[in-house]
Each structure stands twice: as C-alpha cells, then as structure tokens.
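An overview of the molecular structure
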Amino acid sequence: MTEMLDLRGGPNGGDAVVGVDIGSIWTKAVFIRNGQVTNGALLRTGAVPEEAGETAVRDLLARHEVPRDEVGCVVATGYGRINLASARKSLPEITCVGRGAHALNPAVRTVIDIGGLDCKVVGLDPAGRALKFKRNDKCAAGTGRFIEKIAKILQLDLEQISQLSVKASGACSISSTCVVFAESEVVSALAKGFPYEDVIAGVNAAAAERVAQIVERLGTEGEVAMVGGMAKNRGFVAALETRLGVRFAPLPADPQYVEALGAALFAQELATGKEEMARR
Amino acid sequence: MTSRALAEVKIRLERRPREIEELRSAGRKVVGTFCVYVPEELIHAAGLIPIRLVKGGNPDVDALGDHYLSTGSCPFARACLGYKEVNRDPYFASVDAVAEAPTCLQMERVLELYHKYFGVEILPISFPRTYFYAPDADGFRFFMDQLQWFKGRLEELAGAPITEERLRESIRLFDATREKLHRIYGLLRMDVPPLRWEEAFKLVHAGFYLDRREYDALLGDVIAELEAACDPAAADPDAGPDSLPRLMIFGGCLADGDDKIVEVVKSVNARVVIDDFCTGSRVFWNLTGGDTLEELAKRYLTKVPCGSLPYPHREGDPKIAHITSLAKEYRVDGVIYYALRCCDPYIFKTERFRRVLEGMGIPMLDLVSEYTPSDLDELQIQVENFVETLELARMRG
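Here we take up the overall build of chain A. A tally of helices and strands in chain A yields 9 helices and 11 strands. Relative to the 2.2 N^0.38 estimate, which gives 19 Å for 280 residues, the radius of gyration of chain A is 19 Å and therefore close to what a compact globule would have. The principal-axis extent of the C-alpha atoms belonging to chain A is close to 60 × 35 × 30 Å. Expressed as a percentage of its 280 residues, the buried residues of chain A come to 52%.

What follows is the structure, given as structure tokens:
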C-alpha cells in the first residue's frame, strides 16, 4: 500500500523515519524514506499496546529491508503511545492528526477524527497546529466500537457495512446512542423486517448525530476533513456530511493512517533537528 | 520538594487518630463538619475538636452510600454516608456531633440521614441563600441568629460557655493560619515555585484533622523552609528557564483522597498554580478582619461563594470576579474545570465560566467525573491533549 504525497526535496532526503499510531483497536505505522511515504500493515492493538507498536515498526522495517539502526527516528502517537521503547518521542494525537491532515490538504482547518474508542474534533491554525479540540466523554457511542458491535449482530464485516450503508432506501430510526440499547433496537428492527441496509443507515445516522453534537460544540472553520477508521464507512460519512451541511475536503491518503503520517512527519523533523521539535 | 517540614506534617497526621482517641477518653468531644461554611472557630472556642470530614475517592465506600441515597446522587454525599456506615475511618468514627451549613440539597440530606440512621447528634446551620442578592439586609440578621443558636448548642455540648475572650483567641488563631496558607499559595505565583500546587493543596487538608495550634506552628516551619528555598543564593544554577503552561483548576468538591485528577495533572507537562476548591484556596481565602461574632458571620457570608449558592450580587458576580482575578494574578494559561457527576450546580455553571475565561483568552477544559477509576485513561487523554493545545499556543507566541 504505497501512497501519494511527494515529499522529495525535503531537507532530509535519505533518512528513514517511522510514525506509529497505537490506537484502541488498530495499530498503524507509516514509513518515510527518500521522500516516499509507505503505510504499514494494520494490526490489532490487542492487550499489550507497546507490543503491537513494536511489531508494527519491526514489520515495516523488515519489509523494506531497513536495518533498525538506519532509522533516523520513531515517533509514537495514539492511545497506547506511552512506553513504546523504540520511540524517541511520543506526541499527543491532536498534534499528529493536525500535522498529517495539514500535509495532505493545507486548506483544512477542522479535523474530525473518529477511531475505535474516541471521536475528536480538532481546530487547526493555518500551519496545521491544534488550536482547540473537543472529545467525546468516556462513552464510546458514535465511534468505531459502536459500528463494530452492530456489525457483529448483523454478522457482517466493516467493508460490507460500508457497502450496504449507501444502498439504503430509507433509514430505520435508531434513537439510542448507547451500544447496549442500540443493540436491542437493532434486534427489534430486524424482527420487524427492516432490510439490513436501512438498519445500517439508521445506526449510521444515530452515530452521526452524536458526532455532530461534538462538532457543533467546537464549531467548524474552513475546510473540514474526516480521518480515522470511521472515515471508511461511506454511509456514515454521507450521513455526517448531510447532518452538518458540509462536504468533507478530500485527503489524498488512507484516512486511517493520517495520525501515523503526522507522527512520521514529526519524526522527520526530529531526525533533522528542526527547531520547533527540538524545543519540545 | 523534599522538605523536612512537610515530612513532619505527615508524621503528625499519622499520629493524630491516636491522639484524638486519647483526648476523647479524657472527655474532649469531637465535632465533625462537611462544608466550608461551618464557622469552626466557634467549635474551637468551645474547647471542642473540629474535624472536617471531606474524604472521597473510594468507589467501594460510595457503593455503601448508595443504600442511603441513590447511585444518581453526588459521589461526595454518598462517600459521607459510606464512611459512616463502615465507621472504620478514625475521624468519621470519632465524631460526637456533626455540624453542617449545607449550601446544597444533597449535603442537607446527608445531615438528615446521619441523624436518622446513625443516631449522630446534628447541628444544622441554615445559610441564607439570598444573602448575595442583598448583602446588608435580613440575611445578615438571620445568619447571626443561626450562629447564636449554634454557639448555644456548642456550649451545651462542651458543658462550658464560649467566652468573648476564648472566641477572640480562636478567631485570631484561625486568621493567622489563613494568612500562612495564603503566603504558601502566594509562592505559587512565581515562575518556578518552591513547591507544587499538589503539595500546597494537601497541606490545606492537613488542617482538617490536626490540632489547630499545632497546625499553625507547622505552617510557620513550612514557610520558613520554602522562603529559604526561594533565596536566589540557594537556587540551582543548572535549572533552565521554565516555560511550563500554568493551569488553574477549580470546580465542585475535590475531597481529600479524591486524587484521580490530582495525579493526572501531576503527570502532564504543565504546572497547576492555583485552585478554587472548597478543599483548597477557599478554605483560607477570606480573612475575618475582626474578632467578634459579627465579624465572623460576615466572613462566612462574604466568602468566595460555593457554586451551589446563587450569587448575582448587586455589585456584580463575586465568583466570576474572584476567578478572573485569580487567573490574572497567577498568570494562568489554561483552566481545568472539574465537577463531580450529579453535582448540578457546578455542571450547569460550566458554560458561564467558559465564556468569561475564553473572553480573557484563556481556554477551559471541563471534566465531569466520579470516584470510579474507569475513566482514568479518558481524563489522562483529555488533559494531555488540552495541555498540548496550550503548548502549541505558546509556540505561536
């Protein structure tokens, strides 16, 4: 999975750097060498976050046949970022997601980042630095976990959910944002004979409503982009765009890797001793 | 800091339960208080031992409190009942009476239940909720009547009158203590203070339990040590310039032992420099300014108000005025507003504080939590990211 983004001509041509995003469900890693950005495998974070992080780094380097000591720098982010032995630095998620989104589309001023556990809305300054943010409270409604749970009831995988969600003719009403209550609403909707497509559309609409409230509390400015695993759920993205009345700015990359990309870009700055990073 | 004086406070605290036991077997009585509105000076002047019962942070204790209230009640109120049910905490176990001037309904209920289920003698003081609308009118007379009644009840309990002389001594002692705590908190205004806010905050808590005269002397030792540490000659020449973001933290009751948010702010790259908790700076912020019962009444009426009181003062909102002046005085970069779940008064004032602070260019993070550890990661992530935005703002200059 090699991607986009021409970084050639940067100050650090030959240095290989890695950004790892250890999320609550998935661990993602991005590798930059010779201006070329490569996404690593997605792997389940599991019970020991630092192990997932190390494996992600190791696999990526092995795949590119880069010896560990030729890696200029590793930067970790995400919920499991603490204690990653190979990381020179760990940075908060909002910093990395801002950096990644800005590199992909400098016009973006608001990033909606929905992962497995949380939903963050980050307001950026023109340089991609986080100005302000809002996050869901401890309830995981409207996040990836919510959709995963519903997929499980329907015995579908997430790709199927995404495909079906854009085929709905109507949305059945799911009013609960609590996963446990929503589960029983889904079961009863299915019993009433609603097609899967409409049930999924209802679930996406419920999740979008919850996220929209967080977005509205922060307020949006400029171009709005959506990143994180939930950005791959096309029905959800459409529901959120409709609810907010905006069209999300295109990002030329896999949305699930944007935070890791931001971490990798910071790793590059660290490796080349850029001033702002050195101060931190 | 590593401090001999702070270590001494800890030693005295360890000794204190035993000491109280001995005093009680010699006939001295203990009066517990919950809120910061009980004039403890009167308890002290009666020769009784005032102990402030503001403990929290233990979800198992809360679960016991649920039997008397409900899971949908204030975690602190539930803790007050849970501790009494277990009755193994030396302070809760040793109270002969509980005095309380509840400003919220939940604490009023706690007091009723103490009497009903635990048979504890209660001394309820009514606090005039409308005082802040009309500071010089009936509220004052009403509160004076309450204090006269309270004084009488304490005299019965002690079996001796509270003489003017005794009251004067107690007020002077408490004011001296308040002045010392003020001086210690004042040090937090420095770029690099000689102690952490967390240490100053815990030092306030020590006063809830220790003998008040002994506590006052201990604070004197702490100040001497801290001020010596501030001496430029004693400064570490290798210490670089410090540019940590400066935080204010305030909100509802943050009880002794409710350390979740305290540990979180300690772990991040920021420095808490001031609080406005009823277990922190509000304990000592206003001095009495005189040594009569009237002056004492005025002191309690005009304290920086608890969130559960209405405070649209004729002269402006005293809470907002205090918070904004603290933010300036302590050069605050960001504010953490921390409320307990089910604490409506603090939760529904959140947006008001946010608007005022953001109008000063100071961002505010609001958090709602309780005593279960289930949201610890969540708080950590929220605070880390908040501090990060402050850090990025500083870089922008």
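Having seen the structure, we can now continue with the description.
All names here are of chain B. As a packed pair, helix α11 (residues 260-267) and helix α16 (residues 376-396) sit with axes 10 Å apart at the nearest point and diverge in direction by 40 degrees. Taken together, the axis directions place α11 and α16 in an arrangement best described as oblique. The way α11 lies across α16 gives a crossing that is right-handed. Two secondary-structure elements touch here, α11 through K260, I261, V264 and V265 and α16 through L376, L379, Q380 and V383. Residues belonging to the contact of α11 with α16 are distributed by class as follows: 6 nonpolar, 1 polar and 1 charged.

A word on the packing of helix α3 (residues 144-154) of chain A against helix α6 (residues 196-218) of chain A. Residues and elements named next belong to chain A. In contact at an axis separation of 11 Å, α3 and α6 are set at 165 degrees when each is read in the N-to-C sense. Taken together, the axes of α3 and α6 are roughly antiparallel relative to one another. Along this stretch, α3 crosses α6, giving a crossing that reads as right-handed. Judged by residue contacts, F146, I147, I150 and L154 of α3 engage Y196, V203 and A207 from α6. Of the residues belonging to the contact of α3 with α6, the class tally is 7 nonpolar, no polar and no charged.

What follows deals with the nonpolar core. Counting 115 residues, the largest nonpolar core has L247, M248, V265 and I336 of chain B as the members making the most contacts within it. Among all residues touching M248 of chain B, those that are not within four sequence positions of it are V273, I274, L326, A327, Y330, V332 and V335 of chain B. In terms of nonpolar packing, the next biggest core, distinct from the first, is built from 91 residues, I22, C96, V97 and A207 of chain A among them.

All names here are of chain A. For chain A, the assigned domains read domain 1 (1-105 + 257-280) and domain 2 (106-250). Taking the mean C-alpha position of each, domain 1 and domain 2 sit 26 Å from one another. Across the contact, 15 residues belong to domain 1 and 22 residues belong to domain 2. Grouping the constituent residues of the side of domain 1 that touches domain 2 by class yields 7 nonpolar, 6 polar and 2 charged.

The next point concerns helix α10 (residues 212-230) of chain B. All names here are of chain B. Here α10 contains 19 residues, and its C-alpha end-to-end distance of 27 Å stays within 8% of the 27 Å for a straight helix at 1.5 Å per residue. For α10, every residue scored as buried is listed here: Y215, L218, L219, V222 and L226. The buried residues of α10 occupy an angular sector of 105 degrees when projected down its axis, which confines them to one face. Exposed residues lying more than 90 degrees from the buried face of α10 are A224 and A228. Against α1 (4-25), α8 (164-187) and α9 (197-206) lie the buried residues of α10.

This part is about the interface of chain B and chain A. On the chain A side, the residues contacting the 12 residues of chain B number 14 residues. A class-by-class count of the residues in the side of chain B that touches chain A yields 4 nonpolar, 3 polar and 5 charged.

Let us look at the sheet that holds strand β4 (residues 121-124) of chain B. Residue and element names in this part refer to chain B. One open sheet holds the 4 strands; their spatial order is β2-β1-β3-β4, and the pairing between them is parallel. Here the strands that pair on one side only, and so sit at the sheet edges, are β2 (49-52) and β4. Each neighbouring strand pair of the sheet contributes to a mean axis angle of 25 degrees, computed without reference to strand direction. Where strand β1 (residues 30-33) lies against β2, 4 bridges are found, and the strand directions are parallel. Residue pairing for β2: V31 is matched across the bridge by P50.

On the secondary structure map, I274 of chain B appears in strand β6 (residues 271-276). Once the C-alpha coordinates of I274 of chain B and A200 of chain B are considered, the two residues, 74 residues apart in sequence, prove to be 9.5 Å apart.

Another point: the pairing of strand β5 (residues 246-251) of chain B. Residues and elements named next belong to chain B. Extensive coverage of β5 is indicated by the burial of 6 of its 6 residues. The alternating pattern of β5 places R246, M248 and F250 and L247, I249 and G251 on opposite faces, both of which are buried. Note: β5 against β6, 5 bridges, orientation parallel. Its bridge partner lying in β6, R246 is registered against R271. For the crossover from β5 across α11 to β6, the handedness is right-handed. In the sheet, β5 pairs with strand β7 (residues 334-340) via 5 bridges, with the strands oriented parallel. The residue bridging M248 from the neighbouring strand is V335, located in β7.

Looking at the secondary structure, you find G119 of chain B in the loop between α6 (105-118) and β4. A sequence separation of 22 residues divides G119 of chain B from A97 of chain B, and the C-alpha atoms of the two residues are 9.5 Å apart.

Let us now look at the pairing of strand β2 (residues 16-22) of chain A. Residues and elements named next belong to chain A. The buried fraction of β2 is high, at 7 of 7 residues. In β2, alternate side chains face the same way, and those of A16, V18, V20 and I22 on one face and V17, G19 and D21 on the other are all buried. Note that β2 and strand β6 (residues 71-77) share 6 bridges and pair parallel. Looking at β6, one finds that V20 is bridged to A76. Where β2 lies against strand β3 (residues 26-33), 6 bridges are found, and the strand directions are antiparallel. By the bridge assignment, D21 is partnered in β3 with K28. The turn linking β2 back onto β3 is made up of 3 residues.

Next up on the list: the confidence of the model for chain B. Averaged over all residues, the pLDDT of chain B equals 92, while 94% of them reach at least 70. On the interface metric, ipTM, the complex scores 0.72, and its pTM is 0.85.

So, how was this worked out
Along every chain, residues carry numbers that run from 1 in the direction the sequence is written. The order in which chains are written sets their letters, starting at A; the order in which ligands are written sets their numbers, starting at 1. Only residues with pLDDT of at least 70 get local features here, since the model is predicted, and only at 80 or more are side-chain atom pairs given and counted; chain-wide, interface and lining totals rely on the full set of residues. Secondary structure is summarised from DSSP: a helix means a run of H or I of at least four residues, a strand means a run of E of at least two, and numbering begins at the N terminus for each. For a compact globule the rule gives 2.2 Å times the number of residues to the power 0.38, and the radius of gyration it is set against comes from C-alpha atoms. Residues with at least 20 other C-beta atoms within 10 Å of their own are called buried, those with 12 or fewer are called exposed, and the rest are partly exposed. The C-beta atoms themselves are positioned from the backbone. All axes are obtained by fitting lines to C-alpha atoms, using only the stretch in contact for helices, and the reported angles, taken between N-to-C directions, cover 0 to 180 degrees. Angle categories: roughly parallel below 35 degrees, roughly antiparallel above 145, roughly perpendicular from 65 to 115, and oblique for all the rest. Less than a right angle of anticlockwise turn of the near helix away from the far helix marks a crossing as left-handed, whereas a clockwise turn marks it as right-handed. By the convention adopted here, residues are in contact when the distance between their C-beta atoms, placed from the backbone, does not exceed 7 Å. Each residue gets one label: Ala, Val, Leu, Ile, Met, Phe, Trp, Tyr, Cys and Pro are nonpolar, Asp, Glu, Lys and Arg are charged, and the others, such as Gly, are polar. By definition, a nonpolar core groups buried Ala, Val, Leu, Ile, Met, Phe, Trp, Tyr and Cys residues that are joined through C-beta atoms within 7 Å. As annotated, the domain borders come from an automatic or database domain assignment. Residue count minus one, scaled by 1.5 Å, sets the expected span of a helix. Arc, as used here, means the arc of the directions from the helix axis to the C-beta atoms. Being paired, for any two strands, means DSSP has found at least two bridges between them. We call a crossover right-handed when, viewed with the strands running away from us, the connection from the first strand over the helix to the second turns clockwise. The predictor rates its confidence in each residue with pLDDT, a number between 0 and 100.

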